[in-house]
Amino acid sequence: MDLSVIIPLYNEADSIPELKAWIDRALKDFTYEIWFVDDGSTDDSWKLIRELEGPSVHGIRFRRNYGKSAALFEGFAAAQGDIVITMDADLQDSPEEIPEMVRMIREEGYDLVSGWKRHRKDNAFTKNIPSKLYNWTARKVTGIRLHDMNCGIKAYRKEVVKNIEVYGEMHRYIPYLAKNAGFGKIGEKPVRHQKRKYGKSKFGMDRFVNGLLDLMSLWFLSRFGGKPMHFFGTSGILMFLLGFVMTVWIIIAKLVHQAQDIKFRAVTDQPLFYLALLAVVLGVMLFLAGFIGELVTRNASERNAYQIKERF
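Residues numbered from 1 in each chain as written. Predicted model: local features only at pLDDT ≥ 70, side-chain atom pairs only at ≥ 80, totals over all residues. Heavy atoms only, no water.

A. Molecular detail of the pattern of salt bridges. The final tally for this structure, using the stated rule, is 12 salt bridges. Notably, a salt bridge pairs Arg-192 with Glu-96, separated by 2.5 Å at the nearest N-O pair. With a gap of 96 residues between them, Arg-192 in the loop between strand E7 (186–190) and helix H8 (206–224) and Glu-96 in the loop between strand E4 (83–86) and helix H4 (98–108) connect regions that are remote in the sequence. Taking relative accessible area as the criterion, Glu-96 reaches 45% and is therefore assigned partly exposed. (Salt bridge = Lys/Arg side-chain N within 4 Å of Asp/Glu carboxyl O. Helix = DSSP H or I, 4+ residues; strand = E, 2+ residues; numbered from the N terminus. Buried < 20%, exposed > 50% of the residue type's maximum accessible area, 1.4 Å probe, protein only.)

B. Quick look at the packing of aromatic side chains. Evaluation of the coordinates by the stated rule reveals nine aromatic pairs. Ring geometry for Phe-220 versus Phe-224: centroids 5.5 Å apart, planes at 45°, classification tilted. Here Phe-220 and its partner Phe-224 are both found in helix H8, four residues apart, which amounts to about one turn of the helix. Overall, the relative accessible area of 23% leaves Phe-220 in the partly exposed class. Ring centres of Phe-220 and Phe-232 lie 5.9 Å apart, and the angle between their planes is 70°; on these two criteria the pair is classed as edge-to-face. Remark: Phe-232 occurs in helix H9 (residues 228–259) and Phe-220 occurs in helix H8; sequence separation between them is 12 residues. Accessibility expressed as a relative area gives 22% for Phe-232, which makes it partly exposed. Cluster of aromatic residues (ring-pair linked, three or more members): Trp-219, Phe-220, Phe-224, Phe-231 and Phe-232. (Phe/Tyr/Trp six-rings, centres within 6.5 Å; stacked < 30°, edge-to-face > 60°.)

C. Geometry of the nonpolar core. Formed by 34 residues in total, the largest nonpolar core has its most connected members in Ile-7, Ile-23 and Phe-36. Taken together, the elements giving at least two residues each to this core come down to strand E1 (3–9), helix H1 (16–26), strand E2 (32–38), helix H2 (45–51), E4 and H4. With five residues, H4 is the largest single contributor of residues to this core. Excluding residues within four positions of it along the chain, Ile-23 makes contact with Val-5, Ile-7, Tyr-32, Ile-34, Met-87 and Pro-95. Formed by 33 residues, the second largest nonpolar core is a distinct cluster that contains Ile-6, Leu-112, Ala-138 and Ala-181. (Core = buried A, V, L, I, M, F, W, Y, C linked by side-chain atoms within 4.5 Å. Contact = heavy atoms within 4.5 Å.)

D. Geometry of unusual backbone geometry. The phi dihedral of Asn-11 is positive, around 55°, even though this residue is not glycine. Tracing the backbone through its elements, the reader meets Asn-11 in the loop between E1 and H1. Judged by relative accessible area, which is 23%, Asn-11 ranks as partly exposed. One non-glycine residue with positive phi stands out, namely Leu-91, at about 70°. By the secondary structure assignment, Leu-91 is in the loop between E4 and H4.

E. The arrangement of empty space enclosed by the protein in detail. Taken as a whole and judged by the stated rule, the model has one cavity of 30 Å³ or more. Space inside the largest cavity adds up to approximately 80 Å³. For the largest cavity, the lining is made up of 13 residues, of which Lys-68, Leu-72, Thr-86, Cys-151 and Gly-152 are closest to its centre. Counting only elements with at least two residues in the lining of the largest cavity, the list comes to helix H3 (68–78) and strand E6 (154–157). In the lining of the largest cavity, the residues fall into six nonpolar, four polar and three charged. (1 Å grid on protein atoms, 1.4 Å probe; cavity = no way out; pocket = protein on both sides within 12 Å on 5 of 7 lines; lining within 4 Å. Points joined across faces, edges and corners; volume = space filled by probe spheres on them. Nonpolar A, V, L, I, M, F, W, Y, C, P; charged D, E, K, R; others polar.)

F. The arrangement of the pairing of E2 in detail. Within E2, seven of the seven residues are buried, which leaves it mostly tucked inside the rest of the structure. The two faces of E2 match: Tyr-32, Ile-34, Phe-36 and Asp-38 on one face and Glu-33, Trp-35 and Val-37 on the other face are all buried. As judged from the five bridges shared by E2 and strand E3 (residues 57–61), these two strands associate in the parallel manner. Bridging from a neighbouring strand, Asp-38 pairs with Arg-61 of E3. Of the crossover connections in this fold, the one passing from E2 over H2 to the parallel E3 is right-handed. (Pairing = 2+ DSSP bridges. Right-handed = clockwise from strand over helix to strand, strands pointing away.)

Now the structure itself:
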């Protein structure tokens, strides 16, 4: 089979029949399957999906709303096509972009091709400007030169989706997950972006704050997930040394003042003493946190799970 099209959705009943017909027109030259993943919709979305059921149409229905990452995770697990496509169900992503993205993977050797909504049809204040700031930050942190990291329409080699785990709200950073899994050839294609035809967006402004926190988590895990002592241990030692140096400074200053018969304050009356004490305590705590992290990592079942490209 050529393609698997994964469509996570939540309360998109008005869009589903039109989207299915659009996909059929755009992919007439491919063999494909469509996986509609209903993320706990409360409207007639599942009813319409069941009406579309056929050899090329499949559905997964959650009992409640788990989020887009959970929907993609289940869709990736079910996908059988050589190339996997993800797109949103709100008709803002055009299936007509898919053939060119497939060509880029097959002929140009990309592992992943991400869409770039160069001319967005969203509100500039609530979507466009925050999106530009978010993507600028993501490029700086991940080192991946994508203009639209969170674009819904993407194409992947099957091996990519079978070797990454999407959880929490990490669907925003699938290219970064792919890069960390060893799939480094990531491309980008400008795509058309339509105005939302039915319903309203399911994402609010809080996604930008959550997205930044998720990005920090991914960066930390990719750098120090397998070696927590390198971060906590180093930070702890530096903090401990800072406290130690301040303590020595206080003691030397006291001895010098005593030797010169100069009036001086008691050590416990000096704010620097308590800062030094705090630095020493924090240093010890950070070092212990790194030690505990190493114990957890050593006993993790995935500690030796490596991505092997070839074997003979």
